[in-house]
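The chain contents come next:
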Amino acid sequence: AAVGGRAGGVVGPPGAVAGVPDTAGPEHVRGEVGGLGRDLHAHADPSPDAAGDWRTIYLQLLDAEQAAAADRTEPALEQFATALQSAIRFNAAEDLVAVAVPYLQALIAASQLDSARIVAGRISVWTDRDARVATVQAQLFRALGQNDAARKAEETAARLLGPQTASTPATTPR
């Protein structure tokens, strides 16, 4: 139930890295992700005109997520903002959602709720069609203390994820 695009709608649990076993420790994940980053950097177009290239968007997203994983909040938020601007210029729904969702989660974690509202507005059109968007919207509504809106977004996410998750909240308490 994802916005169509390059990623094929395959979405794992929050924090999951494709191809890394669930039992892998943080050092293994960092090593795998670091290797992916080196591979992407080797194939990315460094020219200023490449800002709309989807590989550049995902490289910027990877850099932002690595900074966030290392608890470097401010650099992570700056890198997420750069990736979002690239995704906006590239103008593909999947890329915009792929960047905006983790950016929103980082903004919420940093209690930058006004900025989070702005980013959420960019992807709100897909709330009824993409479980990732509905889930992050619910997280934002919870952070804002808007519990009724959060419940509605959670119900939407559960509906999009299918009957096997209907009784499970779309967001997990942190």
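What counts as what
- Residues numbered from 1 in each chain as written.
- Predicted model: local features only at pLDDT ≥ 70, side-chain atom pairs only at ≥ 80, totals over all residues.
- Heavy atoms only, no water.
- Phe/Tyr/Trp six-rings, centres within 6.5 Å; stacked < 30°, edge-to-face > 60°.
- Helix = DSSP H or I, 4+ residues; strand = E, 2+ residues; numbered from the N terminus.
- Buried < 20%, exposed > 50% of the residue type's maximum accessible area, 1.4 Å probe, protein only.
- Expected span 1.5 Å × (residues − 1).
- Contact = heavy atoms within 4.5 Å.
- Salt bridge = Lys/Arg side-chain N within 4 Å of Asp/Glu carboxyl O.
- pLDDT = per-residue confidence, 0-100.

**Describing the packing of aromatic side chains**
Per the counting criterion, the structure on display carries two aromatic pairs. With centroids separated by 6.3 Å and ring planes inclined at 70 degrees, the aromatic side chains of tryptophan 54 and tyrosine 58 adopt a geometry described as edge-to-face. Of this pair, tryptophan 54 and tyrosine 58 both sit in helix H2 (residues 54-69), separated by four residues, roughly a single helical turn. Taking the centre distance of 5.6 Å and the plane angle of 15 degrees together, the rings of phenylalanine 80 and tyrosine 103 count as stacked. Within this pair, whereas phenylalanine 80 is found in helix H3 (residues 73-90), its partner tyrosine 103 is found in helix H4 (residues 93-109), the two being separated by 23 residues in sequence. The class for phenylalanine 80 is buried, based on a relative accessible area of 2%. Of the residues examined, tyrosine 103 reaches a relative accessible area of 9% and is grouped as buried.

**Overview of helix H6 (residues 131-143)**
For an α-helix the count is 3.6 residues per turn, leaving residues at separations of three or four pointing the same way. In this model H6 runs 18 Å from its N-terminal to its C-terminal C-alpha over 13 residues, within 8% of the 18 Å that 1.5 Å per residue would give. Extensive coverage of H6 is indicated by the burial of 10 of its 13 residues. Tucked into the core, H6 has its buried residues touching H4, helix H5 (113-123) and helix H7 (147-161).

**Thoughts on the pattern of salt bridges**
Using the criterion set out here, one finds four salt bridges in the structure. Note that aspartate 148 and arginine 151 form a salt bridge whose closest N and O atoms lie 2.4 Å from each other. In this pair, aspartate 148 and arginine 151 both sit in helix H7, three residues apart, roughly one turn of the helix. A residue is classified by how much of its surface remains accessible, and arginine 151, at 40% relative accessible area, is partly exposed.

**Re the confidence of the model for the protein**
Chain-level pLDDT for the protein is 79 on average; 64% of the residues reach the 70-or-more range. Across the protein, element-level confidence peaks in H6 with a mean pLDDT of 98 and bottoms out in helix H1 (residues 26-43) with 53. Taken together, the stretch residues 4-22 has pLDDT below 50 and engages in 16 contacts with residues farther than four places along the chain or on a different chain. The model gives residues 170-174 a pLDDT under 50, and that stretch makes eight contacts with residues more than four places away or in other chains.

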